[in-house]
Amino acid sequence: VGAVWPRSPGGDSIVTPVPTRRNIAPLLARRVELPVRNRYRLAAEFAASHSSLISHAKDGNVSVTGLTVLVPALALRVPAKPWLTGEARVGAVVYAPSRKTGTLFSSGVPIKPALGVGLAADRPLGPSWVLAIALQYDVHKFTTTALRAQGFIDASVVHRVALMLALAHRPNVEPGTR
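Residues numbered from 1 in each chain as written. Predicted model: local features only at pLDDT ≥ 70, side-chain atom pairs only at ≥ 80, totals over all residues. Heavy atoms only, no water.

**Considering the overall build of the protein**
Now for step 1: Helices and strands together make up the secondary structure of the protein, namely one helix and 10 strands.
Now for step 2: When the helices and strands of the protein are placed in sequence order, the string is β-β-β-β-β-β-β-β-β-α-β.
Now for step 3: Burial analysis of the protein (178 residues in total) assigns 37% to the buried set.
Now for step 4: By element, 64% of the accessible surface of the protein is carried by carbon and sulfur atoms, the whole surface being about 10,200 Å². (Helix = DSSP H or I, 4+ residues; strand = E, 2+ residues; numbered from the N terminus. Buried < 20%, exposed > 50% of the residue type's maximum accessible area, 1.4 Å probe, protein only. Areas by Shrake-Rupley, 256 points an atom, 1.4 Å probe, with all protein chains shown as cover.)

Pasting the structure below:
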């Protein structure tokens, strides 16, 4: 459970720029991990967040559509200290708008590759439970078929930062192997 803060996925410009952005979004994630050579952990993760895509103009802000973002990913985790873990992640970002008609998603929904890194501080809660606070960052490029059809050739780079609180069940947790 956490929150994700995304940088603007794009904008529009007919005569003057009309930027769009997402609000800070609640985030839910599910992760499964396997040990690799006693030191590393390979993780498969699926995360989902939902917020509104807002258009900012001189005459006020307008909600364009609700926007769910789905992120399946694989991560390789390595302990830096017994209580601190770093990770590198590769995955995909799937935009799922509430409404496609009349939006920048009208001609299809993009699925874009994403790269990320993260840190997690762990605290054991008994013999097999771990509480963690995690900070994650990922980056991907964003464009849609509708934007390209209107002459927007270049993709926008989207940076996302997430802060999460996690509860993990790990049977037989030993110090330094979280």
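There's plenty left to go through after this.
**Quick look at the side chain of Glu 33**
Now for step 1: Note on placement: Glu 33 falls in strand β4 (residues 25–36).
Now for step 2: Polar side-chain contacts of Glu 33 include one of 2.6 Å to the side chain of Arg 41.
Now for step 3: In this structure the side chain of Glu 33 is engaged in a polar contact, spanning 2.6 Å, whose partner is the side chain of Arg 77.
Now for step 4: In contact with Glu 33, not counting residues within four places along its chain, are Arg 41, Leu 42, Ala 43, Arg 77 and Arg 170. (Polar contact = N/O pair within 3.5 Å; in protein donor to acceptor, adjacent residues only side chain to side chain. Contact = heavy atoms within 4.5 Å.)

**Considering the environment of Lys 112**
Now for step 1: Mapped onto the elements, Lys 112 comes out in strand β8 (residues 111–124).
Now for step 2: Setting aside residues up to four positions removed in sequence, Lys 112 forms contacts with Gly 91, Ala 92, Val 93, His 140, Lys 141 and Thr 143.

**Quick look at the pairing of strand β9 (residues 129–142)**
Now for step 1: Only one face of β9 is covered, namely the face carrying Val 130, Ala 132, Ala 134, Gln 136, Asp 138, His 140 and Phe 142; the face carrying Trp 129, Leu 131, Ile 133, Leu 135, Tyr 137, Val 139 and Lys 141 is uncovered.
Now for step 2: Here β8 pairs with β9 via 11 bridges, running antiparallel. Directly across from Gly 118, in β9, lies its bridge partner Gln 136.
Now for step 3: Bridging between β9 and strand β10 (residues 156–169) involves 14 bridges; their strand directions are antiparallel. By the bridge assignment, Ala 134 is partnered in β10 with Met 164. (Pairing = 2+ DSSP bridges.)

**So, the packing of aromatic side chains**
Now for step 1: All chains considered together, the criterion is met by zero aromatic pairs.
Now for step 2: We note Arg 39 situated over the ring of Tyr 40; from NZ or CZ to the ring centre the distance is 5.9 Å. (Phe/Tyr/Trp six-rings, centres within 6.5 Å; stacked < 30°, edge-to-face > 60°. Lys NZ or Arg CZ within 6 Å of the ring centre and 35° of its normal.)

**Observations regarding the confidence of the model for the protein**
Now for step 1: Averaged over every residue, the pLDDT of the protein is 79; the share at 70 or more is 71%.
Now for step 2: The model gives residues 10–18 a pLDDT under 50, and that stretch makes 14 contacts with residues more than four places away or in other chains. (pLDDT = per-residue confidence, 0-100.)

**So, the nonpolar core**
Now for step 1: Grouped together as the largest cluster of nonpolar side chains are eight residues: Leu 67, Val 69, Val 71, Val 93, Tyr 95, Ala 114, Phe 142 and Val 158.
Now for step 2: Secondary structure elements with two or more residues in this core: β6 (60–81) and β7 (84–97).
Now for step 3: Contacts of Ala 114, omitting those with residues within four sequence positions, involve Arg 89, Val 90, Gly 91, Ala 92, Val 93, Val 139 and His 140.
Now for step 4: Among the nonpolar cores identified, the runner-up in size contains six residues, and Leu 27, Ala 120, Ala 162 and Met 164 belong to it. (Core = buried A, V, L, I, M, F, W, Y, C linked by side-chain atoms within 4.5 Å.)

**Some words on the pattern of salt bridges**
Now for step 1: According to the stated counting rule, one finds eight salt bridges in the structure shown.
Now for step 2: Glu 33 is paired through a salt bridge with Arg 77; the nearest N and O atoms lie 2.6 Å apart. Here Arg 77 lies in strand β6 and Glu 33 lies in strand β4, a separation of 44 residues in the sequence. There is no split in this pair, since Glu 33 and Arg 77 are both buried.
Now for step 3: Taken together, the shared-partner salt bridges in this structure form one network comprising Arg 31, Glu 33, Arg 41, Glu 45, Arg 77, Glu 87 and Arg 89. (Salt bridge = Lys/Arg side-chain N within 4 Å of Asp/Glu carboxyl O.)

**Focus: unusual backbone geometry**
Now for step 1: A positive phi is found at Arg 37, a non-glycine position, where the angle reads about 55°.
Now for step 2: When you line up the elements, Arg 37 lands in the loop between β4 and β5 (40–57).
Now for step 3: Phi is positive for Asn 38, close to 65°, though the residue is something other than glycine.
Now for step 4: Among the secondary structure elements, Asn 38 is positioned in the loop between β4 and β5.

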